[in-house]
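Take a look at the letters that make up each chain.
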Number of protein chains: 2
Amino acid sequence: MVKDYAMKMKKAAPIMGTLSSEVRNNAIQEAIKALLSNKKAIIEENQKDIDEAIRNNISQAIIKRLVFDDSKIEAVTKGLADLIELEDPLGKVLLKRQLDEGLILHKETCPIGVIGVIFEARPDALIQIASLCIKSGNCIILKGGSETKRTNRIIFTLLHEAVQKAGLPLHCMYQAEARSDVDDLLQCEGYVDLIIPRGSNSFVRYIMDNTRIPVIGHADGLTNIYVDKTFDLKKAIDIIVDSKIQYVAVCNAVENLIVHREAAKQLLPGLNDEFKKNSVVVRGTDEVREIIDCEKADEADFTREYLDYIISIELVDSIEEAIDIINTLGSHHTDCIISEDLSAGDKFMNLVDSANVFMNCSTRFSDGYRYGFGAEVGVSTGKIHARGPVGLEGMITYKYKLYGNGHMVKDYADGSRFKFKDII
Amino acid sequence: MVKDYAMKMKKAAPIMGTLSSEVRNNAIQEAIKALLSNKKAIIEENQKDIDEAIRNNISQAIIKRLVFDDSKIEAVTKGLADLIELEDPLGKVLLKRQLDEGLILHKETCPIGVIGVIFEARPDALIQIASLCIKSGNCIILKGGSETKRTNRIIFTLLHEAVQKAGLPLHCMYQAEARSDVDDLLQCEGYVDLIIPRGSNSFVRYIMDNTRIPVIGHADGLTNIYVDKTFDLKKAIDIIVDSKIQYVAVCNAVENLIVHREAAKQLLPGLNDEFKKNSVVVRGTDEVREIIDCEKADEADFTREYLDYIISIELVDSIEEAIDIINTLGSHHTDCIISEDLSAGDKFMNLVDSANVFMNCSTRFSDGYRYGFGAEVGVSTGKIHARGPVGLEGMITYKYKLYGNGHMVKDYADGSRFKFKDII
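Residues numbered from 1 in each chain as written. Chains lettered and ligands numbered in written order. Predicted model: local features only at pLDDT ≥ 70, side-chain atom pairs only at ≥ 80, totals over all residues.

1. Some points on the overall build of chain A
- Counting its regular elements, chain A contains 14 helices and 17 strands.
- Seen through its C-alpha atoms, chain A measures out along the principal axes to roughly 80 × 70 × 35 Å.
- Looking at the 424 residues of chain A, the share that counts as buried comes to 53%.
- For chain A, contacts bridging at least 24 residues in sequence account for 72% of all contacts bridging at least 6. (Helix = DSSP H or I, 4+ residues; strand = E, 2+ residues; numbered from the N terminus. Buried ≥ 20, exposed ≤ 12 C-beta atoms within 10 Å, placed from the backbone. Contact = placed C-beta atoms within 7 Å.)

Structural data, given as structure tokens:
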């Protein structure tokens, strides 16, 4: 049962959180060694997963994501080596303040404790997530997609053995395998401190709706681009097409285009030609259909996350109207303005209430790797704790430590005896 | 209806969040003026609340908290003046990074948006909370205790008029009055970004259990003190007695004392004498009762938040056992070690999984004001977003802004074209 294990993990968490940076980095080093020296066995298990996927008529696009070959093992271990080099996120003194003589307050970073991550069938995801947890001193419950179950199993076993060799506690990581384990995990309030679900919108929404444990993630990705009245035609077409077609099945692909009425006639014909060339179906309002030949959009199309070669287009009178539409109907994930007017850009970026607000670039840049963060555990559209791509910093909290020498509050009841002085 | 207002507030929130620091500080200045120049009217309304409380046989201790007189108005306006002097928490650039030439990423602080705060009947609380929201650029829904309804009403009206004079949007603050408004507020997902409940444990637990909006708060305060084998008798007695009796009705008063078996015979007799002098009832295990004369504790007493002149005492064999008890049965709020051994202190403070971990000082120090934070909106025992006393920093999030010049992801698909360089 996941809960039994989570209870043991809760007891291991303080130990895990107080291991030195050296021990945690050594554990990642041991993981690298174990992966590299067991490449052949890993690839064999991975081949069995792929064979099964082929037997099950899984699409080629998905099978491509399941593959864990020599070059992918090299790439992921290189990522681990980079992670070792990163500064230790634990034990950072955020504040050191004298409250009175001999009464010293510290605010220090520490791990969150026990984190559950549910992720898609991609073998490198398991390794990245586990290593971020090790680096940040958290215990972790991992539940990967079943399509890579054999690959996950061998990788998990190798990692678990490797990190124990480096001195990590036995109960620092656990792999959940059964589908029912997800529901068990959601019931682990008091033992699991945070859940990070990745996957389809409906799956993430299900997780959010069925647990009292804090959840970081994003259930929707209704990404919008707004084209302002002063815009550069080539840039606009390039950015919109890239945002739509570079990879359609993801949350940061544009789904809805909002165009200033003064820009529509100049932009839409050329844009529509590019869409046609790339087999993108356009759904527009009646007004849009007076300018270009496209399908008729219904009301619901403007809040639909297509995840496909489809885009909806509507017109507005002002940047304010566009911002209002985005804030009201968008999903607060990634939204972009195309404009040659920097003050309009700043207005948009300040007023749009989204984790990622862009000017004159593809919405597909919204990603931890492209931000230069290294590995990410997830993307958050919530505004509490972590927002946007979440790396190490999302797996960290802090605590207050107060060192005294017999100090009693009765002596400070009127407040006059405090001698506040920041030391750091 | 709270929801109708919350929807309007959601539209006002981006405006509120982009007002300059000067405008927000002026709004607080106007609030100070309005409070000072309407002292007489405020005190009159407050007297009506107090008269009603007396008619309703409310206890003297509670009535004392309802009083809002000349000196309290002076104190709270002084607090507002201090708040104006604090650094602006908005628009801080946490990261500025070149991803490639002309493609610049900013990570900037911004307000959370719309915050609902439910707080106890204390007129200064309304003013402190509202002013923290103004300073941090958040819109706020305020719901105060009904015992100060007349005082709250006049103060809210004065504040609302004052901040509009300074240019804040009409819908930047709203006062909910009916008890049913609380349940309405809990249904405002999508419009309200964060709820901060203060009050009784059962009330906070009710809020946490009945909304999908993120909640910051603490439902319990089972505060523990552990006395280690090497301890100073006078310090120990002073600290324990102060932690128990300085103010019994609060979450940071000690409820449970855990004593190392080697310390028990030296500590307990003298401590028990002090407890008797101060009318504190002691409940101990059989072992404790062999050393001192006290009531017999049952199992449940060690997880009971008395909020009264009662304390439970148990013995342990080691610091590890004490830490395990605290992590398993405590409420992760405030826990203290009394020891003359610094390495034991550090062990305790590192391994105890609580927001506030203390060594050799009263647990009653666990408080934003005593930490020198100025006003606080609440105390969090959660580990996500904000932990411990929550001031301005708990009302802030951040967003990523990416400025480009026609950049498309297709040109960066293999990652080699990025030129990451931190500018700040």
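2. With respect to the sheet that holds strand S10 (residues 295-296) of chain B
- The strand order S17(A)-S1(A)-S2(A)-S16(A)-S13(B)-S12(B)-S7(B)-S8(B)-S11(B)-S9(B)-S10(B) describes an open sheet built from 11 strands, whose pairing is mixed. Two strands close off the open sheet at either side, each with one partner strand: strand S17 (421-422) of chain A together with S10 of chain B.
- Here strand S12 (residues 334-338) of chain B runs beside strand S13 (residues 356-361) of chain B; their pairing, made up of 4 bridges, is parallel. Looking at the pairing, Asp335 of chain B lines up with Val357 of chain B of S13 of chain B.
- Relative to the sheet, helix H13 (residues 319-329) of chain B contacts strand S7 (223-227), strand S8 (254-260), strand S11 (310-316) and S12 of chain B, its axis offset from that of S11 of chain B by approximately 135 degrees. (Pairing = 2+ DSSP bridges. Axes fitted to C-alpha atoms, helices over the stretch in contact; angles between N-to-C directions.)

3. Examining helix H14 (residues 342-351) of chain A
- Along H14 of chain A, the residues that are buried comprise Ala344, Gly345, Phe348, Met349 and Leu351 of chain A.
- In this structure, the buried residues of H14 of chain A make contact with strand S7 (223-227), helix H13 (319-329), strand S12 (334-338) and strand S13 (356-361) of chain A together with helix H1 (2-17) and strand S16 (396-407) of chain B.

4. What to know about the domain arrangement of chain A
- Here chain A is described as being made up of domain 1 (2-217 + 382-400) and domain 2 (223-365).
- For domain 1 of chain A versus domain 2 of chain A, the separation of C-alpha centres amounts to 36 Å. (Domains from an automatic or database assignment.)

5. Description of the environment of Ala355 of chain B
- Tracing the backbone through its elements, the reader meets Ala355 of chain B in the loop between helix H14 (342-351) and S13.
- A count of 24 C-beta atoms within 10 Å places Ala355 of chain B in the buried class.
- Ala355 of chain B sits 106 residues away from Ala249 of chain B along the chain, and the two C-alpha atoms are 20 Å apart.
- The contacts of Ala355 of chain B, once residues within four sequence positions are left out, are Lys399 and Tyr400 of chain A together with His332, His333, Ser380, Thr381, Arg387 and Gly388 of chain B.

6. Re the relation of the copies chain B and chain A
- Superposing chain B onto chain A takes a rotation of 180 degrees combined with a translation of 0.0 Å along the rotation axis, leaving an RMSD of 0.0 Å. Taken together, the turn and the small shift mark the pair as related by a two-fold rotation axis. Measuring from the rotation axis to each C-alpha of chain B, the shortest distance belongs to His385 of chain B, at 1.8 Å.
- Of the interface residues in chain B, 100% have counterparts in chain A that sit at the interface too, so the contact is made through matching surfaces. (Least-squares fit on C-alpha atoms with pLDDT ≥ 70 in both.)

7. So, helix H10 (residues 233-245) of chain A
Residue and element names in this part refer to chain A.
- Here H10 spans 18 Å end to end across 13 residues, near enough to the 18 Å set by a 1.5 Å rise per residue.
- Among the 13 residues of H10, 10 are classified as buried, and the element is accordingly described as predominantly covered.
- The set of residues buried in H10 consists of Ala236, Ile237, Asp238, Ile239, Ile240, Val241, Asp242, Ser243, Lys244 and Ile245. (Expected span 1.5 Å × (residues − 1).)

8. Some remarks on the nonpolar core
- In terms of nonpolar packing, the biggest core is built from 139 residues, with Ala31, Ile129 and Ala130 of chain A together with Ala31, Ile129 and Ala130 of chain B touching the most fellow members.
- The contacts of Ala130 of chain A, once residues within four sequence positions are left out, are Ile140, Leu142, Leu159 and Met173 of chain A. (Core = buried A, V, L, I, M, F, W, Y, C linked by C-beta atoms within 7 Å.)

9. Looking at the interface of chain B and chain A
- Opposite the 58 residues of chain B that make contact, chain A presents 58 residues.
- Listing elements by their share of the side of chain B that touches chain A, those giving two or more residues are strand S1 (93-100), strand S2 (103-111), helix H10 (233-245), H14, S13 and S16 of chain B.
- Among the residues making up the side of chain B that touches chain A, the classes are represented as 27 nonpolar, 18 polar and 13 charged.
- Pairing of S13 of chain A with S16 of chain B involves 5 bridges; the strand directions are parallel. Directly across from Cys361 of chain A, in S16 of chain B, lies its bridge partner His407 of chain B. (Nonpolar A, V, L, I, M, F, W, Y, C, P; charged D, E, K, R; others polar.)

10. Structural notes on the packing of helix H2 (residues 21-37) of chain B against helix H7 (residues 149-165) of chain B
Residue and element names in this part refer to chain B.
- At a minimum axis separation of 8 Å, H2 and H7 run at an interaxial angle of 140 degrees. It follows from the interaxial angle that H2 and H7 lie oblique. For the pair H2 and H7, the sense of crossing is right-handed. Residues Ala27, Glu30, Ala31, Lys33, Ala34 and Leu35 of H2 pack against Leu158, Leu159, Glu161, Ala162, Val163 and Lys165 of H7. (Parallel < 35°, antiparallel > 145°, perpendicular 65-115°, else oblique. Left-handed = near helix turned anticlockwise from the far one by under 90°.)

11. Section: the sheet that holds strand S4 (residues 139-143) of chain A
All names here are of chain A.
- What the 4 strands build is an open sheet, ordered S5-S4-S3-S6; its pairing is parallel. Since the sheet does not close on itself, it has two edges, and those belong to strand S5 (173-175) and strand S6 (194-197), each with one partner. In this sheet, neighbouring strand axes are inclined to one another by 15 degrees on average, regardless of whether the strands run parallel or antiparallel.
- Bridging between S4 and S5 involves 3 bridges; their strand directions are parallel. Across the sheet, residue Ile141 finds its bridge partner in S5, namely Tyr174.

12. Examining the environment of Asp293 of chain A
- Mapped onto the elements, Asp293 of chain A comes out in the loop between helix H12 (286-291) and strand S10 (295-296).
- Sequence-wise, Asp293 of chain A and Asn272 of chain A are 21 residues apart; in three dimensions their C-alpha atoms are separated by 8.1 Å.

13. Quick word on unusual backbone geometry
Residue and element names in this part refer to chain A.
- Its identity as a non-glycine residue notwithstanding, Ser279 has a phi of 60 degrees, on the positive side.
- You can see Ser279 is positioned in the loop between helix H11 (261-277) and strand S9 (281-284).
- We classify Ser279 as exposed; it has 8 C-beta atoms within 10 Å.

14. Comments concerning the packing of helix H3 (residues 39-55) of chain A against helix H7 (residues 149-165) of chain A
Residue and element names in this part refer to chain A.
- It is the contact of H3 with H7, at a shortest axis distance of 7 Å, that shows an interaxial angle of 160 degrees. With respect to each other, H3 and H7 are oriented roughly antiparallel. Of H7, the residues touching H3 (which contributes Ala41, Ile42, Glu45, Asn46, Lys48 and Asp49) are Lys149, Arg150, Thr151, Ile154 and Ile155.
- Each residue belonging to the contact of H3 with H7 can be placed in one class, and the counts come to 4 nonpolar, 2 polar and 5 charged.

15. Some words on the confidence of the model for chain A
- For chain A, the average pLDDT comes to 94, and 100% of its residues sit at 70 or higher.
- As a predicted assembly, this complex carries a pTM of 0.91 together with an ipTM value of 0.91. (pLDDT = per-residue confidence, 0-100.)

16. Here's the deal with the pairing of S7 of chain A
Residues and elements named next belong to chain A.
- In terms of burial, S7 is largely enclosed, as 5 of its 5 residues are buried.
- Burial along S7 is two-sided: Thr223, Ile225 and Val227 facing one way and Asn224 and Tyr226 facing the other are all buried.
- Pairing geometry for S7 and strand S8 (residues 254-260), over 5 bridges, is parallel. Paired with Asn224 across the two strands is Asn256, which belongs to S8.
- Inspection of the sheet shows S7 paired to S12 by 4 bridges, in the parallel sense. Within the sheet, the bridge partner assigned to Val227 lies in S12 and is Ile338.

17. Some remarks on the pairing of S2 of chain B
Residues and elements named next belong to chain B.
- Here S1 runs beside S2; their pairing, made up of 6 bridges, is antiparallel. Looking at S2, one finds that Arg97 is bridged to Leu105.
- Hairpin connection from S1 to S2: 2 residues lie between these consecutive antiparallel strands, with Gly102 at a positive phi of about 80 degrees.
- The pairing of S2 with S16 spans 8 bridges and is classified as antiparallel. Residue pairing in the sheet places Glu108 in a bridge with Lys399 of S16.

18. A few points about the environment of Leu103 of chain A
- Take Leu103 of chain A: it is sitting in strand S2 (residues 103-111).
- On a C-alpha basis, the gap between Leu103 of chain A and Arg150 of chain A in space is 55 Å, while along the polypeptide they are 47 residues apart.
- Apart from the residues lying within four places of it in its own chain, the contact partners of Leu103 of chain A are Gln98, Gly404 and His407 of chain A together with Cys361 of chain B.

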